[in-house]
Amino acid sequence: MYQAKAAGRNALRFFDPGMQAAIEARAALVRELRAAVREAQFLLYYQPQVDGAGRMTGVEALLRWQHPQRGLVSPATFVPLAEETGLMRSVGHWVLESACRQLAAWQNRSETARLTLAVNISARQFRQPDFADQVLAVLARTSADPRKLKLELTESVLLDAVDAVTKITALKARGVGFSLDDFGTGYSSLSYLKQLPLDE
């Protein structure tokens, strides 16, 4: 059924042993991903962001899964699975909380106090009705400066303009910045994006 759905509508696919192996591998990965959420097997790496002169202005948090047997697992492998299984809410919350703790720690060091920290937000995470309240609660709990936090959204997140503007506006009022990540890979147009209160 999943093979037929992946091929588009009105399609047929017949069972073969390779499909069974793929299903079993996927089921094992889902079990391991659930364990990763419970056991906090994730890591954040920080990729520098620089200006035109090469000066570091901030960092972007990059999520990695430190699997006990497989080693570092690429987000390309587990993020789509986390989205499909509904685990992205827990994973996304962990990322935001961890990034804000790091941001708060950097605020007290002269060499890092000026840096911004960008966090990618998944569509599922952003579409939660209480998303803005969750972000504000994390900022309060961690004492991170909201003016140093930048949330990166993709075009698919912004398809519901009214809901997006409401959430973005509420968080921008507290100092949180917003940027559009991977523009041109979705369905947005520049005229549509001009309606949104994005910073970059």
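Note that the coordinates shown come from a computational prediction; the quantities given were computed from them, not determined experimentally.

Parameters and conventions
- Residues numbered from 1 in each chain as written.
- Predicted model: local features only at pLDDT ≥ 70, side-chain atom pairs only at ≥ 80, totals over all residues.
- Heavy atoms only, no water.
- Buried < 20%, exposed > 50% of the residue type's maximum accessible area, 1.4 Å probe, protein only.
- Helix = DSSP H or I, 4+ residues; strand = E, 2+ residues; numbered from the N terminus.
- Polar contact = N/O pair within 3.5 Å; in protein donor to acceptor, adjacent residues only side chain to side chain.
- Core = buried A, V, L, I, M, F, W, Y, C linked by side-chain atoms within 4.5 Å.
- Contact = heavy atoms within 4.5 Å.
- Phe/Tyr/Trp six-rings, centres within 6.5 Å; stacked < 30°, edge-to-face > 60°.
- Pairing = 2+ DSSP bridges.
- Salt bridge = Lys/Arg side-chain N within 4 Å of Asp/Glu carboxyl O.

> Please explain helix α3 (residues 75–85) as it appears in this structure.
Structurally, the α-helix is built with 3.6 residues per turn, so residues lying three or four positions apart point the same way. Here α3 has its buried residues at Phe-78, Leu-81, Ala-82 and Glu-83. At the N-terminal end of α3, a side-chain oxygen is found 3.1 Å from the backbone nitrogen of Ala-76, two or three residues along, and the residue is Ser-74. Residue Gly-86 follows α3 closely and has a positive phi angle near 85°.

> Would you mind going over the nonpolar core with me for this structure?
In globular proteins that are soluble, nonpolar side chains generally tend to be buried together. Core analysis: the biggest nonpolar cluster contains 44 residues, and Val-119, Leu-149 and Leu-151 have the highest contact counts within it. Ranked by residue count, the leading element in this core is helix α4 (residues 88–107), at nine residues. Ignoring sequence-local partners within four residues, the contact set of Leu-149 consists of Leu-96, Cys-100, Leu-103, Leu-117, Val-119, Val-135, Leu-139, Val-176 and Gly-177.

> Would you mind going over the packing of aromatic side chains with me for this structure?
The geometry of two aromatic rings is summed up by the distance between their centres and the angle between their planes. On inspection of all chains with the given rule, the structure shows six aromatic pairs. Taking 6.4 Å as the distance between ring centres and 45° as the angle between the ring planes, the aromatic pair formed by Phe-42 and Trp-65 counts as tilted. Residue Phe-42 is found in strand β1 (residues 42–50), and its partner Trp-65 is found in strand β2 (residues 56–67); the two are separated by 23 residues along the sequence. Side by side, Phe-42 and Trp-65 carry an identical accessibility label, which is buried. For the pair Phe-42 and Trp-94, a centre-to-centre distance of 6.0 Å together with 50° between the ring planes defines the contact as tilted. Of this pair, Phe-42 sits in strand β1 while Trp-94 sits in helix α4; the two residues are 52 residues apart in sequence, bridging distant segments of the chain. Taken together, the ring pairs in this structure connect Phe-42, Trp-65, Phe-78 and Trp-94 into an aromatic cluster.

> How should I be thinking about the pairing of strand β6 (residues 177–180) in this particular structure?
Walk down a regular strand and you will see the side chains alternate between the two sheet faces. Because side chains alternate across β6, one face comprises the buried residues Gly-177 and Ser-179, and the other comprises Phe-178 and Leu-180, equally buried. As paired elements, strand β5 (residues 149–153) and β6 share four bridges and run parallel to each other. Of the residues in β6, the one forming a bridge with Lys-150 is Gly-177.

> Help me understand the pattern of salt bridges in this model?
Two side chains with opposite charge may pair up if their charged atoms get near one another. In total, this model carries ten salt bridges according to the counting rule given. A salt bridge links Arg-141 to Glu-97; the nearest nitrogen and oxygen atoms lie 2.7 Å apart. Of the two residues, Arg-141 is situated in helix α6 (residues 131–142) and Glu-97 in helix α4; the sequence distance between them amounts to 44 residues. When the shortest N-O distance is used, the salt bridge between Glu-200 and Lys-150 registers 2.9 Å.

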